[in-house]
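# Per-entry structural report
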Amino acid sequence: MDSVLHKEYTVVQDDYVNAGKVSSDIKSTLSEIGVSPKVLRKIAVACYEAEINLIIHAYGGKVTVDVTDDGVIHLEFKDPGPGIPDLEKALTPGWSTASEKARGMGFGAGMGLPNIQRVSDGFHIESSQKGTTLSLEFRTAI
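A brief report on the enclosed structure follows. Just so you know, these numbers come straight off a predicted model, no measurement behind them.

Turning our attention to the sheet that holds strand β1 (residues 3-11). Pairing between sheet strands relies on hydrogen bonds along the backbone, with the strands arranged either parallel or antiparallel. Read from one edge of the open sheet, 5 strands run β1-β2-β3-β5-β4, paired in antiparallel fashion. Because the sheet does not close on itself, it has two edges, and the strands there are β1 and β4 (122-128). Geometrically, the sheet is characterised by an average inter-axis angle of 10 degrees between neighbouring strands, direction not taken into account. Across the sheet, helix α2 (residues 37-56) lies against β1, β2 (61-68), β3 (72-79) and β5 (131-139), angled at about 10 degrees from β3, the strand it touches most.

Structure (structure tokens):
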């Protein structure tokens with residue numbers, strides 16, 4: 001399939017001031033090309049949770065958005081480390097490794113990955129000490 005939209009973003013570690021800006025831009029861009037409000041809500045939840053994970057748990061990272069001509073939205077969140085030591089636990093609602101700083105700001109409830117998995121049509125995660133790649137798909141008609 002050909003990509004009708006491609007965007008890339010950089011998320012900076014510990015940049016709580018700009019938390020949510022990437023997610024907001026993605027939602028706005030997808031709205032402009034006609035993605036339905038129902039699908040946009042799911043994407044907004046997934047993007048925000050994944051963006052916050054890059055800020056809190058990783059050394060920052062890259063976000064890529066691709067929309068194919070068949071209406072599938074592909075999102076990739078990729079970071080250079082430190083990795084998720086136990087993916088099974090990380091996918092368990094309420095389990096968190098967030099720092100006291102993050103918790104003090106209202107983050108780190110342990111619902112990020114479970115929420116992302118719940119709202120996504122496609123969910124794949126790989127992690128090692130060299131980094132984590134989270135690939136998501138959302139199906140829509142545009």
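Let's pick the thread back up.
Moving on, we come to the environment of I84. Assignment of secondary structure puts I84 in the loop between β3 and α3 (87-90). Overall, I84 belongs to the partly exposed group, its relative accessible area being 23%. Measuring from C-alpha to C-alpha, the distance between I84 and L136 comes to 17 Å, with 52 residues separating the pair along the chain.

With 12 residues, helix α1 (residues 21-32) ought to run about 16 Å at 1.5 Å a step, and its terminal C-alpha atoms sit 17 Å apart, in line with that. For α1, every residue scored as buried is listed here: V22, S23, I26, T29 and L30. Buried residues of α1, viewed axially, fall in a sector of 130 degrees; they line one side. With respect to the buried face of α1, the exposed residues turned more than 90 degrees away are K21 and E32. Its buried side turned inward, α1 meets β1, α2, β2 and β3. After α1 finishes, the residue G34 shows a positive phi value of roughly 100 degrees.

Here the focus is the pattern of salt bridges. Per the counting criterion, the structure on display carries 2 salt bridges. For D25, the salt bridge goes to K7, with nearest N and O atoms at 2.9 Å. Of this pair, D25 sits in helix α1 while K7 sits in strand β1, placing them 18 residues apart in sequence. Notably, a salt bridge pairs E137 with R139, separated by 3.4 Å at the nearest N-O pair. What makes E137 partly exposed here is its relative accessible area of 26%.

Criteria and thresholds
- Residues numbered from 1 in each chain as written.
- Predicted model: local features only at pLDDT ≥ 70, side-chain atom pairs only at ≥ 80, totals over all residues.
- Heavy atoms only, no water.
- Pairing = 2+ DSSP bridges.
- Helix = DSSP H or I, 4+ residues; strand = E, 2+ residues; numbered from the N terminus.
- Axes fitted to C-alpha atoms, helices over the stretch in contact; angles between N-to-C directions.
- Contact = heavy atoms within 4.5 Å.
- Buried < 20%, exposed > 50% of the residue type's maximum accessible area, 1.4 Å probe, protein only.
- Expected span 1.5 Å × (residues − 1).
- Arc of directions from axis to C-beta.
- Salt bridge = Lys/Arg side-chain N within 4 Å of Asp/Glu carboxyl O.

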